[in-house]
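# Analysis of the macromolecular model
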Amino acid sequence: MNKWEKIMFREFLSVATLFGTGESTFFSHEPPPCRKVDIILRLSFFSSILPVTIELEQPPTKSVKMHVVYKDIEGDMAKKLEDLFGLASGGLIEVNPGKVLIPPKFKSYAQRIIDMEVRPDDVWLVSYPRTGSTWTQEMVWLIGNDLDFQGAKMLQQLRAPVLELTALLGNDTSGVIKLIGETVEIVESMPSPRFIKTHLPLELLPKQLDVVKPKIVYVCRNPKDMCVSYYHYCRLMHDLHGSFNDFCELFINDSVPMGPIWNHIMGFWNRRNDPNVLFLRYEELKKDLKSVVLRCAKFLNKELNEEEVQAVLHHLSFESMKNNPAVNLEPVLEYRKTALLNQMTEDKVTCLQAPSFIRKGVTGDWANHMNPEIAARFDEWIKTNLEGTGLNFQV
Ligand code: A3P
C-alpha cells in the first residue's frame, strides 16, 4: 500500500465510523495469499457506493481460527444408535458447532475443510441428505457446463464430489472408500471451475465462503418426506436395521447421522436473498421443474433456448435419472453389496432388501409410512421450527 492509498483507506474507514451508518465489505478476487482487494464502502449518508482498489499488507481472507469441538455420544442415545446401525461403541461422534453426528474419521478433515481455499468460480451444492441433492446437482452441473451431456456420463461423484464423503463412510467395511478416494483431497486438487457438493451445515463449511462468495445452491425438502427417504437410504448405505418408527424417533430428536435439520436449513434460508445463493425446495422442482431450470440458468449466468431446456428436462426426469448409472449409484452399490456378502451372511446385509438410491421421487410419501401419531408429532415439530421464518414446504 503506498502512502496515498494508506491515507485514503484510513479516511474512508474514519468517515464510515464517524457517521456510524457505514459498513465496509472486504472481498478477494484471488485465492490467498492475495494482496489485491476491492474495498467497497457503503455510506448511507452519501447514498452511494465508492469503490477503490488498493493493496493490503495482510491477506484479508485469512480465516479466524475456529474451534471445532468433538464430543462422545453417551447414554441411551449412544446405545440406540449402536443398536440400530450395528455400530461399534464410538462409531459416531458429535461435532460442534452444528451438533453434527458423524464417524470420528471426520476429525482428520474438520479443520482442513474450514480452512479450505474457496475459488470465486466454484459452484457449491449444499443440502441435508435426501432432499433431492443428486437431482439438483445434476441440473446445476449440466447447466454450469453448457449442457455437456457427454461429460455427464462420468459418475456424478467424480464430477461433483461430496466433500466429506470419506469421513461419512468412515464406518463402512465394504471398501467403497478406497474406490472413491480421499474426497477432501480430490476437491482441493480439482481444476476450476469446481462443482462441489456437501451435506455439512454452514458452520462447518470453509470460512472463505463468506469472503469469496462463490455461487451456492441450497436445496431442502419437507422433513416428513426427508425422514422416509433417509430411512430407506440408511438401510441401503449404512446398514440400518431398526424399524421406521425407531428411525423417526431419532430424526425428530436431531439424532440421525448428520444431526439436526433445522439449523442446517436455517443457515441458508437466512441467506436466501444473498446474490450468490439460490435457495430451492424439492417440492418446487417436482411442481415446475422447467421454471427451476430457468431460474438456475439465470443464477449461473447461462442462456438456454427452448430446445436446450427440453433436453435438460428430459435428462432430469425421474425415469431418466433412475436408469442413469452416472447418478443412480448402482455401480457403487453393486460393489458394496458384493463386498458385504463376502464378509457377512445374507440376512445381515440390510442393503439387499432396501429400495434403490433413486427410489420413488414423489412428494407426500410420508403418508404411506407414518402412523397418525407420528405424523402429528412431526407436524407439531415442523410448525414450531418454521414459526416466524417465512419458510414452508407447500408450493
Ligand atoms: P425418495 O427416496 O423420496 O424417492 P438425495 O439425492 O439428496 O439423496 O435425495 C434423494 C431423493 O431424491 C430420493 O427421494 C430420490 O428418489 C429423489 N430424486 C432423485 N432424482 C429425482 C428425480 N429426477 N425426480 C424426483 N425425485 C428424484
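Details of the structure are given in the entry above.
The following paragraphs examine the structure supplied in this document.

The rules behind these values
Residues numbered from 1 in each chain as written. Predicted model: local features only at pLDDT ≥ 70, side-chain atom pairs only at ≥ 80, totals over all residues. Heavy atoms only, no water. Pairing = 2+ DSSP bridges. Helix = DSSP H or I, 4+ residues; strand = E, 2+ residues; numbered from the N terminus. Axes fitted to C-alpha atoms, helices over the stretch in contact; angles between N-to-C directions. Contact = heavy atoms within 4.5 Å. Near = heavy atom within 4 Å. Polar contact = N/O pair within 3.5 Å; in protein donor to acceptor, adjacent residues only side chain to side chain. Areas by Shrake-Rupley, 256 points an atom, 1.4 Å probe, with all protein chains shown as cover. Buried < 20%, exposed > 50% of the residue type's maximum accessible area, 1.4 Å probe, protein only. Arc of directions from axis to C-beta. Phe/Tyr/Trp six-rings, centres within 6.5 Å; stacked < 30°, edge-to-face > 60°. Lys NZ or Arg CZ within 6 Å of the ring centre and 35° of its normal. 1 Å grid on protein atoms, 1.4 Å probe; cavity = no way out; pocket = protein on both sides within 12 Å on 5 of 7 lines; lining within 4 Å. Points joined across faces, edges and corners; volume = space filled by probe spheres on them. Nonpolar A, V, L, I, M, F, W, Y, C, P; charged D, E, K, R; others polar.

## A word on the sheet that holds strand β8 (residues 195-198)
Strand pairing in a sheet relies on backbone hydrogen bonds, with the paired strands running either antiparallel or parallel. Reading across from one edge, β8-β7-β9-β10 is the order of the four strands in this open sheet, with parallel pairing throughout. Every interior strand has two partners, whereas the edge strands, β8 and β10 (277-281), have only one. Sheet twist, expressed as the average angle between the axes of neighbouring strands with direction ignored, equals 15°. Of the pairings in the sheet, the one linking strand β7 (residues 123-127) to β8 comprises four bridges and is parallel in character. What sits directly across from V126, in β8, is T198. With respect to the sheet, helix α4 (residues 133-144) is in contact with β7, β8, β9 (215-220) and β10, its orientation differing from that of β8 by roughly 170°.

## Digging into the site of the ligand
Neighbouring residues of the ligand: 18 residues in total, closest S133, T134, S229, K360 and G361. Here a nitrogen atom of the ligand sits 3.1 Å away from a polar atom, N or O, in the side chain of W135. Here an oxygen atom of the ligand sits 2.7 Å away from a polar atom, N or O, in the main chain of G361. Considered on its own, the ligand offers 570 Å² of accessible surface; in the complex 97% of this is hidden by protein.

## Quick word on the side chain of H199
Examined against the element boundaries, H199 turns out to sit in the loop between β8 and α9 (209-212). One polar contact links the side chain of H199 to the main-chain carbonyl oxygen of S127, over a distance of 2.8 Å. Among residues more than four places away in sequence, those in contact with H199 are S127, Y128, P129, S133, E164, L168, M258 and H264.

## Comments concerning helix α14 (residues 289-299)
Of the residues making up α14, those classed as buried are L289, V292, V293, C296, A297 and F299. End-on, the buried residues of α14 take up no more than an arc of 160°, which puts them together on one face. Lining the buried residues of α14 we find α4, β9, β10, α13 (282-287) and α15 (306-316). One or two positions beyond α14, positive phi appears at N301, with a value near 60°.

## Some thoughts on the sheet that holds strand β6 (residues 100-102)
Taken in spatial order, the three strands make up an open sheet running β4-β5-β6, and their pairing is antiparallel. Two strands close off the open sheet at either side, each with one partner strand: β4 (69-72) and β6. Along the sheet, successive strands turn relative to each other by an average axial angle of 35°, direction set aside. Note that β4 and strand β5 (residues 93-96) share four bridges and pair antiparallel.

## Concerning the packing of aromatic side chains
On inspection of all chains with the given rule, the structure shows 15 aromatic pairs. Relative to F268, the ring of Y218 lies with its centre 4.9 Å away and its plane at 10°, an arrangement referred to as stacked. In this pair, Y218 is assigned in strand β9 and F268 in helix α12 (residues 262-269), connecting sequence segments 50 residues apart. F268 carries the same exposure label as Y218, and that label is buried. Considering the side-chain rings of F251 and W381, the 6.0 Å spacing of their centres and the 75° angle between planes classify their relative orientation as edge-to-face. With F251 in helix α11 (residues 244-252) and W381 in helix α18 (residues 372-386), the pair connects residues that are 130 residues apart, well separated along the chain. A residue is classified by how much of its surface remains accessible, and F251, at 2% relative accessible area, is buried. Taken together, the aromatic side chains of Y128, Y230, Y231, Y233, F244, F247, F251, W262, F357, F378 and W381 make up a single cluster linked through ring pairs. The residue whose ring lies beneath K107 is Y70, and the NZ or CZ to ring-centre distance is 5.5 Å. Of note, R159 hangs over the ring of W141, and the distance from its end group to the ring centre comes to 4.6 Å.

## What to know about empty space enclosed by the protein
Considering all chains together, one arrives at three cavities of 30 Å³ or more under this definition. Of the voids in this model, the largest cavity is the one considered here, and its volume is about 60 Å³. Residue composition of the lining of the largest cavity, grouped by class: six nonpolar, two polar and one charged.

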